[in-house]
Amino acid sequence: MALDPDEYTADELGEELETLDDVDELQAVLEAEQAGKDRKTAREAIHRRLEVLGETGGDGVEEGTETEGEYEATKEDVGDEAEGEEVDDEDVEDADESGEPTAEDDGDEDESPAEEDEDNGLSHPTRDKKHVRALDGGEYADMWVFCETQQGELLEVSREMLGKARELMDQFEDDYGDDERVVAFLMGDDCEGLAEETIAYGADVAVYHDDERLERFLHKPYTEIAAHMARGQGTIESTDWREYDEPRYVLFPATNNGRDLSAKVQAELDSGLASDCSDLYIEENEVSNPVKTGEPGVKKTFEKVLHMKRPDFSGFEYSTILCLDNPGRDFHPQGASIIPGSFEPMEPDYDREGLVIEHDMELDEDWFRVEITEHDRLEAGIDLAGHEVIVCLGRGIADDPTRGMELGLELVDAFEDAELGITRGIVTSAYQFEGHVEEYSKEERQIGETGQVVAPKIYIAAGVSGAVQHKVGMDESDTIVAINTDTDARIRDFSDYYIEGDLFEVLPRLTAAVESGETKLEAVADGSGGEER
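Note that this is a predicted model, so its numbers are computed, not measured.

Turning next to the overall build of the protein. Broken down by element type, the protein carries 15 helices and 17 strands. Across the 533 residues in the protein, those meeting the buried criterion constitute 48%. Here the analysis covers contacts within the protein between residues at least 6 apart in sequence; of these, 64% occur between residues at least 24 apart. Put simply, the protein shows about 27400 Å² of open surface, and 40% of that area lies on carbon and sulfur atoms.

Looking now at the side chain of threonine 293. With respect to the helices and strands, the residue threonine 293 is situated in helix α11 (residues 290-293). Judged by relative accessible area, threonine 293 falls into the buried class, the value being 15%. Here the side chain of threonine 293 touches glutamate 295 through a polar contact of 2.9 Å, landing on its backbone oxygen. With near-sequence residues (within four places) excluded, threonine 293 lies in contact with Val287, Ser288, Val298, Lys299, Lys300 and Pro327.

Turning our eyes to something else, we now look at the nonpolar core. Among the nonpolar cores identified, the biggest contains 37 residues, and Met143, Leu251 and Leu280 are the most heavily contacted of them. Looking at which element gives the most residues to this core, the answer is helix α6 (residues 156-176), with 7 residues. Ignoring anything within four residues of it in the chain, the contact list for leucine 251 reads Met143, Trp144, Val145, Phe146, Met161, Ala165, Leu280, Leu306, Ala336 and Ile338.

Across the interface, helix α8 (residues 219-230) lies against helix α10 (residues 256-268) with an axial gap of 9 Å and an inter-helix angle of 50°. As summarised for this structure, α8 and α10 are arranged oblique, according to the angle between their axes. Crossing handedness for the pair α8 and α10: right-handed. Contacts between α8 and α10 involve His219, Tyr222, Thr223, Ala226 and Ala227 from the former and Asp260, Leu261, Lys264, Val265 and Glu268 from the latter.

Scored by pLDDT, the protein has a mean of 81; 80% of the residues are at 70 or more. Taken as a whole, residues 55-131 scores under 50 in pLDDT and shows 123 contacts with residues more than four places along the chain or in a different chain. A low-confidence stretch, residues 523-533 (pLDDT under 50), is modelled with 27 contacts involving residues beyond four sequence positions or located in other chains.

Attention now moves to the sheet that holds strand β11 (residues 334-338). Pairing is parallel across the open sheet formed by 7 strands, whose spatial order is β7-β11-β6-β1-β4-β5-β12. At either margin of the open sheet sits one strand with a lone partner, and together these are β7 (273-277) and β12 (355-358). Within this sheet the neighbouring strands show an average axis-to-axis angle of 20°, counted without direction. Strand direction decides the pairing type here: strand β1 (residues 140-146) and strand β4 (residues 182-188), joined by 4 bridges, are parallel. Across the sheet, residue phenylalanine 146 finds its bridge partner in β4, namely phenylalanine 185. Where α8 meets the sheet, it contacts β1, β4, β5 (205-210) and β6 (246-253), and its direction lies at approximately 150° from that of β4.

The next thing to look at is helix α15 (residues 503-516). An α-helix turns once per 3.6 residues; consequently, residues spaced three or four apart project the same way. In this model, α15 (14 residues) spans 19 Å end to end at C-alpha, consistent with the 20 Å of a helix rising 1.5 Å per residue. Residues of α15 that are buried include every one of Leu503, Val506, Leu507, Leu510, Thr511, Ala513 and Val514, and no others. One side of α15 holds all its buried residues, which, seen down the axis, span an arc of 165°. The exposed residues of α15 that point more than 90 degrees off its buried face are Glu505, Arg509 and Glu515. Structurally, α15 contributes buried residues whose contacts are with β13 (389-393), α12 (401-414), β15 (458-462), β16 (479-484) and β17 (497-500). Two or three places before phenylalanine 504, at the start of α15, stands the capping residue aspartate 502, its side-chain oxygen 2.9 Å from that residue's backbone nitrogen. Immediately downstream of α15, the backbone of glycine 517 shows phi near 85°, a positive value.

Let us now look at the sheet that holds strand β9 (residues 300-312). With respect to topology, 3 strands assemble into an open sheet ordered β8-β9-β10, the strand pairing being antiparallel. One side of each edge strand has no neighbouring strand; the edge strands of this open sheet are β8 (279-287) and β10 (317-321). Ignoring strand direction, the axes of neighbouring strands in this sheet form an average angle of 35°. Pairing analysis gives 5 bridges linking β9 to β10, with the strands arranged antiparallel. Considered in β10, the bridge of arginine 310 is made with serine 319.

What counts and what doesn't
- Residues numbered from 1 in each chain as written.
- Predicted model: local features only at pLDDT ≥ 70, side-chain atom pairs only at ≥ 80, totals over all residues.
- Heavy atoms only, no water.
- Helix = DSSP H or I, 4+ residues; strand = E, 2+ residues; numbered from the N terminus.
- Buried < 20%, exposed > 50% of the residue type's maximum accessible area, 1.4 Å probe, protein only.
- Contact = heavy atoms within 4.5 Å.
- Areas by Shrake-Rupley, 256 points an atom, 1.4 Å probe, with all protein chains shown as cover.
- Polar contact = N/O pair within 3.5 Å; in protein donor to acceptor, adjacent residues only side chain to side chain.
- Core = buried A, V, L, I, M, F, W, Y, C linked by side-chain atoms within 4.5 Å.
- Axes fitted to C-alpha atoms, helices over the stretch in contact; angles between N-to-C directions.
- Parallel < 35°, antiparallel > 145°, perpendicular 65-115°, else oblique.
- Left-handed = near helix turned anticlockwise from the far one by under 90°.
- pLDDT = per-residue confidence, 0-100.
- Pairing = 2+ DSSP bridges.
- Expected span 1.5 Å × (residues − 1).
- Arc of directions from axis to C-beta.

Now the structure itself:
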């Protein structure tokens with residue numbers, strides 16, 4: 001072998017490859033790279049050179065096949081219109097009972113990718129796995145919302161997402177003239193009534209799967225059912241209400257279960273996911289990235305793009321995520337998980353009409369191999385979301401923790417709808433609390449990255465420094481009032497009102513003002529960190 005890839009950086013190797021025109025030599029370089037440093041960028045450079053020479057796309061993928069995670073759809077999932085490899089009958093579940101074709105039915109006699117690799121003198125440890133590729137030129141419509149349930153009730157975040165979805169799709173119709181729907185989808189034990197409830201909270205269609213084994217969240221069946229629903233699979237009776245391939249958009253709650261399900265479902269549908277989002281809007285977007293346009297120097301406008309805003313760096317910065325198609329490959333549904341408390345639910349209208357559909361699918365017994373034989377139910381925790389006012393206490397109570405906690409509770413009581421929160425600093429401190437106030441120092445009231453996320457109309461932070469980990473838990477509040485003796489405290493930078501003072505002096509005065517109805521605050525400084533006013 002004339003070229004040893006280990007002697008070059010990936011960039012240098014790319015330049016050297018331009019001098020090679022012998023396919024066998026390039027294959028030898030590829031094998032040496034895989035056996036040595038096995039760098040992704042280096043392998044891709046070799047693949048590109050092989051493609052230029054009209055041979056393989058690397059790792060045994062034949063000419064013309066897209067790489068880097070983009071895979072052809074199989075007949076198992078999209079029927080006879082699939083252009084890619086057929087599925088070997090050893091790698092698919094028996095679908096005779098569901099009426100879906102199996103590889104055996106299709107007369108599959110093709111070699112598996114692993115066998116093709118062996119023929120090409122190449123090997124890859126995961127090449128024998130099957131992948132379902134996203135559609136190309138599919139039909140997409142509607143915004144789907146996964147409505148998580150718990151103990152026979154919809155979670156509040158499910159109602160919040162339905163309200164936002166309703167707002168978005170109403171605006172969608174105004175902007176584009178297309179009347180597309182909000183579709184709630186859920187699964188559980190005896191959940192038809194909850195499906196009907198989603199109509200009152202903004203859904204046009206509710207699709208549910210009812211099975212007593214789905215009382216609690218289970219990874220495999222929930223993923224399989226959700227993907228089956230999204231693809232429009234099932235009996236005619238359960239699917240004739242729609243005429244598209246997959247949803248245009250899909251929302252999940254950013255709860256423990258929602259985060260789990262969102263990643264699995266979007267991977268199953270071979271699309272993208274923006275996690276832990278706090279805002280959404282739909283508009284067109286012009287890009288010039290050749291990966292998206294297909295040609296350098298060309299601009300392309302994508303319509304109906306869901307813009308998904310999410311906090312980064314523990315809330316210190318925000319990014320807007322887009323899920324744009326590639327030439328010949330559609331990234332749908334455009335998916336996001338939503339931080340609880342980010343949106344307001346709409347007022348329920350129980351006279352509102354909508355379509356409620358029971359989903360039909362045979363569930364494999366193997367999906368329920370893990371059985372929960374007994375469980376303990378925790379006492380109800382403290383839900384800080386949904387209150388108009390949150391009073392949060394930080395390490396500023398250190399001089400007299402019990403008194404500081406009492407002052408915070410007195411201010412909470414002065415408001416009509418308020419609750420007390422605390423920072424991580426109080427949870428991890430060794431403060432000694434006397435009497436009943438000790439119960440307010442537990443982790444269940446913590447606000448921040450590792451606690452709850454709240455977005456009240458008024459957020460009062462007393463003795464809170466404003467670490468970025470705390471900021472992510474309250475930054476979406478409408479009005480933030482900070483009380484602190486330190487004028488350099490970070491929380492001043494993102495507060496609407498900053499009161500320089502000792503919380504032990506300020507909180508009683510603020511409580512008295514709220515109780516008397518005289519709540520005008522004379523600001524000491526604005527939230528920009530500028531001059532006092």
